[in-house]
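Chain by chain, the residues run as shown.
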Amino acid sequence: MDSPQRPPLAHVFRGTFVHSCASAPMEILHGHLLGVDESGTIVFLEQTDQQEQLARKWGFKTSDIRELSNHEFFMPGMVDTHIHAPQYSFAGTRVDLPLLQWLTTYTFPTEAKYKDSDFAEEVYTRVVRRTLKNGTTTACYFATIHTDTSLLLAEIIDKFGQRAFVGKVCMDMNDSVPQYKETTEDSVQETERFVIELLEKKYPRVQPVITPRFGPSCTEGLLCALGNLAQARDLHVQSHISENEEELKLVENMFPAYQNYTELYDKNKLLTSKTMMAHACYLSEEELKLFSLRGAAISHCPNSNFSLRSGVLNVQKVLKNNVKLGLGTDVAGGYSASMLDAIRKAMMASNSLQVNKVNETGLTLEEAFQLATLGGSQALGLDDVIGNFEVGKEFDALLINTKASDSPFDLFSADNFEDTLQKFLYLGDDRNISEVYVAGKQVVPFSSSV
């Protein structure tokens, strides 16, 4: 008996798929068929010898299949677990000072300009376009202390079809640039307004995240209120922790009642299974154990850690303690908005720890690929929705063309697929990312409506 008529599939692709799975940091699937339904969900991923049965079951014809060439493959969209949208205006410049001086001299004065919605719209539009072109299908954004332009960032992200968390930054202490801070009361009230108004928009893939900037920018009262708000509304939380040694000393002096930086967040209900903390270069074993216990995640931002000379995160130690870990660009402390750069810098950070005899072993390129995709989705609590090509997940994907016109690398006849893939990960760029999909919808090349 015929099965009832299924709705037509949105996509059927045939070719090579590369992703991470529970059993391997990188799995290469040659000769596979992948189907995506109208809602953007992956409904099958099978070897091509199953084509007839799949066609019968799902009601597609051979002419419906998009055949990839042998120099094309799909990989999951990349997840940027830490990026500052307003700092994109000076990305690629001004990385000549250490963190606290960098914030005072460049960052706070720049972020203060985002009261101006015209300026915000230009920069926010460009950062969303640039990250999508570079293959970032999901991003965890810091905005600024300005509620209305933070809501504008969310609107722009939704318009372009990116998946994201957006945080209105909270800071009620800033002696160095006093015009860029809020009162404690305003910070809490405006955060509530931001959350309510963003949720009322019902954007399908853009969510609010509670965002205290970091310990030195917040009073205990503000941290406590934000922790209560995150708990009451079951929201994600993001901040920074243990990025550089000067910051660490500052936190010790400002909050002497707490044993360490992690406890400051934990006791104020900000260290939860929905928390993403950037950097974490100087966490003790005890603090990493608390991260693991709470299910909190770390965003490894190696470009920024090198560029601002902040420190080197020991990824092996983090993973050994069973702490969730993703990669972040940390624009503009990190000078590149590309997650491919984050993969490369993660490899360099790992190599540097081996050179300096801190670790005997390091990350493999396959493991760095996993951190940029599935690892990031796990860190943000989205691994039931995205991160790889498992059936039931949404199709967030990049179509990679290793022979794109103007490709930045060369292929030779002796190169096998693994060689080609490594060349893309080390040498490729947006010229090789020919199409980008979020939840089954093609978002790059950009449509004329955006």
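Here the structure is shown first, and the text comes after it.
Reference entry: report on the structure contained in this document. All of these numbers come straight from a predicted model, not from anything done at the bench. (Residues numbered from 1 in each chain as written. Predicted model: local features only at pLDDT ≥ 70, side-chain atom pairs only at ≥ 80, totals over all residues. Heavy atoms only, no water.)

### A look at the packing of aromatic side chains
- For the structure shown, the criterion picks out 20 aromatic pairs.
- Note on F44 and F60: the rings are 5.8 Å apart at their centroids and 25 degrees apart in plane angle, and the pair reads as stacked. Of the two residues, F44 is situated in strand β3 (residues 42-47) and F60 in the loop between α1 (51-58) and β4 (65-67); the sequence distance between them amounts to 16 residues.
- An aromatic cluster is defined as three or more aromatic residues linked by ring pairs; in this entry it consists of F13, F17, F74, F389, F395 and Y437. (Phe/Tyr/Trp six-rings, centres within 6.5 Å; stacked < 30°, edge-to-face > 60°. Helix = DSSP H or I, 4+ residues; strand = E, 2+ residues; numbered from the N terminus.)

### Brief notes about unusual backbone geometry
- A cis amide bond links V331 with the next residue in sequence, A332, at an omega value of 10 degrees.
- Put simply, V444 and P445 share a cis peptide bond, and its omega is 0 degrees.
- Its place among the elements puts P445 in the segment after β17 (441-444).
- For K202, which is not glycine, the phi torsion reads 55 degrees and is therefore positive.
- Mapping K202 onto the fold places it in the loop between α5 (184-201) and β10 (206-212).
- Classification of K202 by relative accessible area gives exposed; the value is 70%.
- The phi dihedral of D406 is positive, around 70 degrees, even though this residue is not glycine.
- Inspection of the secondary structure puts D406 in the loop between β15 (397-401) and α14 (417-427).
- Accessibility expressed as a relative area gives 59% for D406, which makes it exposed. (Buried < 20%, exposed > 50% of the residue type's maximum accessible area, 1.4 Å probe, protein only.)

### Things to note about helix α7 (residues 245-254)
- Within the sequence span of α7, burial applies to E247, L248 and V251. Projected down its long axis, α7 shows its buried positions confined to an angular sector of 100 degrees, all on one face. Facing away from the buried side of α7 by over 90 degrees, the exposed positions are K249, E252 and N253.
- Against the buried residues of α7 lie α2 (99-111), β11 (236-241) and α8 (261-267).
- N-capping of α7 is provided by N244, with a side-chain oxygen placed 3.2 Å from the backbone N of E246. (Arc of directions from axis to C-beta. Contact = heavy atoms within 4.5 Å. Polar contact = N/O pair within 3.5 Å; in protein donor to acceptor, adjacent residues only side chain to side chain.)

### Overview of the state of the cysteines
- Under the criterion given, the structure shown has zero disulfides.
- You can see C218 has no disulfide; the closest cysteine sulfur is in C170, sitting 7.0 Å from it. (Disulfide = S-S within 2.5 Å.)

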